[in-house]
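The residues making up each chain are set out below.
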Amino acid sequence: PSMWMFGGDGWANDIGYGGIDHVLAGGHDVKICVFDTEVYSNTGGQSSKATPMGAVAKFAQGGRTVQKKDMGAMFMKYGNIY
C-alpha cells in the first residue's frame, strides 16, 4: 500500500531532504505533499532553499541571490517519479 507524507518546504528542502531522497531512490510507493510557503514559517519567515531568487525575506532583506531549489526536477531524474 502507498503511504502519504505531508510537510513544509523547510522540512522537505533541508532537514528531511536526505530521508525523502532515500525513500524515493528506493522506489517505495509513497506520495509526498509539500506545503511550499517559500520561507521557514516556523522561524517567522526566514529565507530558505525554497525562497525564490530576488524574494525579500527575513535575513534576505536585499533579495535572495540564488535560485530556488527545484526538488521536483531533481527527483524526476530517478525515472519513476512524476
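Please refer to the structure higher up on the page.
Residues numbered from 1 in each chain as written. Predicted model: local features only at pLDDT ≥ 70, side-chain atom pairs only at ≥ 80, totals over all residues. Heavy atoms only, no water.

> Mind laying out the layout of surface pockets, listing which residues take part and the relevant values?
Volume-wise, the largest pocket comes out at about 500 Å³. Surrounding the largest pocket, 17 residues form its lining, Leu 24, Val 30, Ile 32, Ile 81 and Tyr 82 being those nearest its centre. Of all the secondary-structure elements, those providing two or more residues to the lining of the largest pocket are helix H2 (17-25), strand E2 (30-35) and helix H3 (71-76). Here the residues of the lining of the largest pocket sort into 11 nonpolar, four polar and two charged. (1 Å grid on protein atoms, 1.4 Å probe; cavity = no way out; pocket = protein on both sides within 12 Å on 5 of 7 lines; lining within 4 Å. Points joined across faces, edges and corners; volume = space filled by probe spheres on them. Helix = DSSP H or I, 4+ residues; strand = E, 2+ residues; numbered from the N terminus. Nonpolar A, V, L, I, M, F, W, Y, C, P; charged D, E, K, R; others polar.)

> Tell me about unusual backbone geometry, and please be specific about residues and values.
Positive phi outside glycine occurs at Glu 38, with the angle close to 70 degrees. If you trace the backbone, Glu 38 turns up in the loop between E2 and H3.

> Can you lay out H2 for me, pointing to particular residues and giving the numbers?
Turning to H2, its buried residues number three or more, namely Tyr 17, Ile 20 and Leu 24. Viewed along the axis of H2, the buried residues span an arc of 65 degrees, placing them on a single side of the element. On the buried face of H2, the contacting elements are helix H1 (9-15), E2 and H3. One or two positions beyond H2, positive phi appears at Gly 27, with a value near 75 degrees. (Buried < 20%, exposed > 50% of the residue type's maximum accessible area, 1.4 Å probe, protein only. Arc of directions from axis to C-beta. Contact = heavy atoms within 4.5 Å.)

> Explain the packing of aromatic side chains to me, using residue names and the numbers behind them.
Considering all chains together, one arrives at three aromatic pairs under this definition. Ring geometry for Trp 4 against Phe 6: centres 5.5 Å apart, planes inclined by 15 degrees, an arrangement best described as stacked. Each ring, one from Tyr 17 and one from Phe 75, has its centre 5.7 Å from the other, and the planes form 20 degrees; the classification is stacked. Here Tyr 17, found in helix H2, pairs with Phe 75, found in helix H3; they are 58 residues apart in sequence, far enough to count as distant. The same class applies to Tyr 17 as to Phe 75, namely buried. The rings of Trp 4, Phe 6 and Phe 35 are connected pair by pair, giving a single aromatic cluster. The ring of Tyr 17 has Lys 69 lying over it, and the distance from NZ or CZ to the ring centre is 3.8 Å. (Phe/Tyr/Trp six-rings, centres within 6.5 Å; stacked < 30°, edge-to-face > 60°. Lys NZ or Arg CZ within 6 Å of the ring centre and 35° of its normal.)

Remember, this is a structural readout, not a statement about activity or role.
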